[in-house]
Amino acid sequence: MSTQLVTAFRGHQQLAAGPLRDVARVVWHSLREAPPSLSAVLVFDDATGQVIDLEMRGDESDMLAHLEASARRHSIANVDAAPAPVAVGDAEQAGGARRARGRPRLGVVAREVTLLPRHWAWLGSQPGGASVALRRLVDDARRANAACEHAHAARGAAYRFMHAIAGDLSQFEEASRALFRDDRDRLGSILDAWPRDVHAFVLRLLEQPALAQNSPDPLA
């Protein structure tokens, strides 16, 4: 399981960055040591730019216990939501016989696919049959669109952060328009006038590397 990386801000100043547990401890101590008049602390997910709600009541051990309980609930919810691996059940071509029953292939999930006879005929003529050909077509499309999808996700993450923390800064609306136009020159000129830490985190969200989404198909 990968470690969730986050960044905490107090007002427009970065307070801490790193694994969620470590940042949560910094935030907990900061809230108890700083005067109430200081700005509230916001914690952002480095991958999505979303604000993360942390339970800061009680002592430090209470806070960490609540954090671990939330992580367990999230993990269980993800497992429950995942479809169970089942045997492939699609016909390899129109009128073709279904695969014989047997031990399910790990990670393969059956779904209904509706195609015209000519589509099934072409798929059935491909090496490995229809299922392998379909998986290969999907993976090729994912690779072709990966850069565009990543750029879209990065802009969304940057906007969520900007909306949460920079809505009162000068030219926020113009910066948002430049962000979604992918006008880096205009956006950069506006960010230059913003607090340094806010500027840096917007750029970090925009320039974060894409997650590795394409792995060899073990069933191909």
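Residues numbered from 1 in each chain as written. Predicted model: local features only at pLDDT ≥ 70, side-chain atom pairs only at ≥ 80, totals over all residues. Heavy atoms only, no water.

Draft legend 1. Quick look at the overall build of the protein. When helices and strands are counted, the protein shows 7 helices and 3 strands. When each of the 220 residues of the protein is scored for burial, the buried share is 30%. Long-range contacts, defined as pairs at least 24 residues apart, comprise 58% of the intrachain contacts of the protein with a sequence gap of at least 6. A total accessible area of about 14,100 Å² is found for the protein, and carbon and sulfur atoms account for 55% of it. (Helix = DSSP H or I, 4+ residues; strand = E, 2+ residues; numbered from the N terminus. Buried < 20%, exposed > 50% of the residue type's maximum accessible area, 1.4 Å probe, protein only. Contact = heavy atoms within 4.5 Å. Areas by Shrake-Rupley, 256 points an atom, 1.4 Å probe, with all protein chains shown as cover.)

Draft legend 2. The arrangement of the confidence of the model for the protein in detail. When the pLDDT values of the protein are averaged, the result is 82; 78% of them are 70 or greater. Looking across the protein, the model is least confident in helix 2 (residues 60–81), with a mean pLDDT of 78, and most confident in helix 5 (residues 172–181), with 97. Throughout residues 84–97 the model reports pLDDT below 50, and contacts reaching past four residues in sequence, or to other chains, amount to 37 contacts. In this model residues 211–216 is a low-confidence stretch, pLDDT under 50, and it forms 4 contacts with partners more than four residues away in sequence or in other chains. (pLDDT = per-residue confidence, 0-100.)

Draft legend 3. Broad picture of the environment of Ala 133. Looking at the element boundaries, Ala 133 is found in helix 4 (residues 129–165). Taking relative accessible area as the criterion, Ala 133 reaches 3% and is therefore assigned buried.

Draft legend 4. How the structure looks around the pattern of salt bridges. Taken as a whole and judged by the stated rule, the model has 12 salt bridges. Glu 174 is the partner of Arg 177 in a salt bridge, and the nearest nitrogen-oxygen pair spans 3.1 Å. One end of the pair is Arg 177 and the other is Glu 174, both in helix 5 and 3 residues apart, which spans about a single turn. (Salt bridge = Lys/Arg side-chain N within 4 Å of Asp/Glu carboxyl O.)

Draft legend 5. View of unusual backbone geometry. Of note in the backbone geometry, Gln 171 takes a positive phi value of approximately 60° without being a glycine. In this fold, Gln 171 is placed in the loop between helix 4 and helix 5.

Draft legend 6. Quick look at the packing of aromatic side chains. Under the criterion given, the structure shown has 8 aromatic pairs. Pairwise contacts between aromatic rings join Phe 9, Phe 44, Phe 161 and Phe 201 into one cluster. (Phe/Tyr/Trp six-rings, centres within 6.5 Å; stacked < 30°, edge-to-face > 60°.)

Draft legend 7. Seen up close, the nonpolar core. Counting residues in hydrophobic clusters, the biggest one holds 22 residues, and the most contacted among them are Phe 161, Trp 194, Val 198 and Val 202. Secondary structure elements with two or more residues in this core: helix 4, helix 5, helix 6 (184–191) and helix 7 (196–207). If we ignore the near neighbours within four places in the chain, the residues touching Trp 194 are Met 162, Ala 166, Leu 169, Ser 170, Gln 171, Phe 172 and Ala 175. The next biggest cluster of nonpolar side chains, apart from the first, holds 15 residues, and it includes Val 6, Ala 16, Val 41 and Ile 52. (Core = buried A, V, L, I, M, F, W, Y, C linked by side-chain atoms within 4.5 Å.)

Draft legend 8. Fine view of the pairing of strand 1 (residues 5–10). Most of strand 1 sits inside the fold, with 5 of its 6 residues counted as buried. Pairing of strand 1 with strand 2 (residues 13–19), which is carried by 6 bridges, proceeds in the antiparallel orientation. Within strand 2, the position partnered with Arg 10 by the bridge is Gln 13. Taking the residues that link successive antiparallel strands as the turn, the strand 1-strand 2 hairpin has 2 residues, and the phi of Gly 11 there is positive, at about 65°. (Pairing = 2+ DSSP bridges.)

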